Amino acid sequence: MQYFVYRIRHAGHRIAGSDPALRVGIQGDLVLAPATTEGRRLQARLLGPDGQDLIQRLEYAEVCQIRGEAMHIVGVELVSRVSRGKPAKYRQSWLCVRDEAVALDLLGRVQVKPLDPLGPEYDDCPE
């Protein structure tokens with residue numbers, strides 16, 4: 001199904017509702033399917049007309065909430081920095097809607113609180 005997907009996080013940290021980067025939606029075919037190598041785990045993908053990924057797919061994906069015309073999917077992005085080696089893992093959230101107007105209303109409500117230096121949010125930060 002065709003959806004607009006808004007990425008709520010960048011490098012594992014939530015993007016503020018006032019940040020213009022949050023308001024960039026990408027339209028494509030949203031696919032939730034079992035991961036090919038992980039048994040019962042899900043993988044979320046946003047595919048273009050040619051079947052290629054439009055954005056980095058989500059591993060360990062879960063549909064966290066469906067409210068009205070919006071769906072919230074959480075998971076992990078695996079970002080490769082080099083051709084060899086282990087990719088970096090970052091938490092990611094997607095807001096998925098069929099109508100952009102619904103998303104813009106919801107995205108305006110996103111608030112970012114300062115991080116606690118000892119909190120779990122810092123676990124994803126590369127050192």
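Below, the structure is looked at part by part. (Residues numbered from 1 in each chain as written. Predicted model: local features only at pLDDT ≥ 70, side-chain atom pairs only at ≥ 80, totals over all residues. Heavy atoms only, no water.)

**Here we look at the pattern of salt bridges**
On inspection of all chains with the given rule, the structure shows 4 salt bridges. Glu 59 serves as the salt-bridge partner of Arg 57, at 3.5 Å between the closest nitrogen and oxygen. A relative accessible area of 29% means that Arg 57 is categorised as partly exposed. Through salt bridges with shared partners, a single ionic network connects Arg 45, Asp 53, Arg 57 and Glu 59. (Salt bridge = Lys/Arg side-chain N within 4 Å of Asp/Glu carboxyl O. Buried < 20%, exposed > 50% of the residue type's maximum accessible area, 1.4 Å probe, protein only.)

**Details of the sheet that holds strand β8 (residues 88-97)**
Spatially, 6 strands are ordered β1-β4-β5-β6-β7-β8 in a closed barrel, and the strand pairing comes out antiparallel. Taken pair by pair, the neighbouring strands of this sheet meet at an average axis angle of 45 degrees, ignoring direction. Where strand β1 (residues 2-7) and β8 come together, 4 bridges link them in antiparallel fashion. Paired with Tyr 6 across the two strands is Leu 95, which belongs to β8. Where helix α1 (residues 100-107) meets the sheet, it contacts β1, β7 (70-79) and β8, and its direction lies at approximately 125 degrees from that of β8. (Pairing = 2+ DSSP bridges. Helix = DSSP H or I, 4+ residues; strand = E, 2+ residues; numbered from the N terminus. Axes fitted to C-alpha atoms, helices over the stretch in contact; angles between N-to-C directions. Contact = heavy atoms within 4.5 Å.)

**With respect to the packing of aromatic side chains**
The final tally for this structure, using the stated rule, is 0 aromatic pairs. The ring centre of Tyr 3 lies 5.5 Å from the NZ or CZ of Arg 98, which sits over that ring. (Phe/Tyr/Trp six-rings, centres within 6.5 Å; stacked < 30°, edge-to-face > 60°. Lys NZ or Arg CZ within 6 Å of the ring centre and 35° of its normal.)

**Examining the side chain of Glu 59**
Along the polypeptide, Glu 59 turns up in strand β6 (residues 58-67). In terms of polar contacts, Glu 59 uses its side chain to reach the side chain of Arg 57, at 3.5 Å. Dropping the residues within four chain positions of it, Glu 59 is found in contact with Leu 42, Gln 43, Gly 75, Val 76 and Leu 78. (Polar contact = N/O pair within 3.5 Å; in protein donor to acceptor, adjacent residues only side chain to side chain.)

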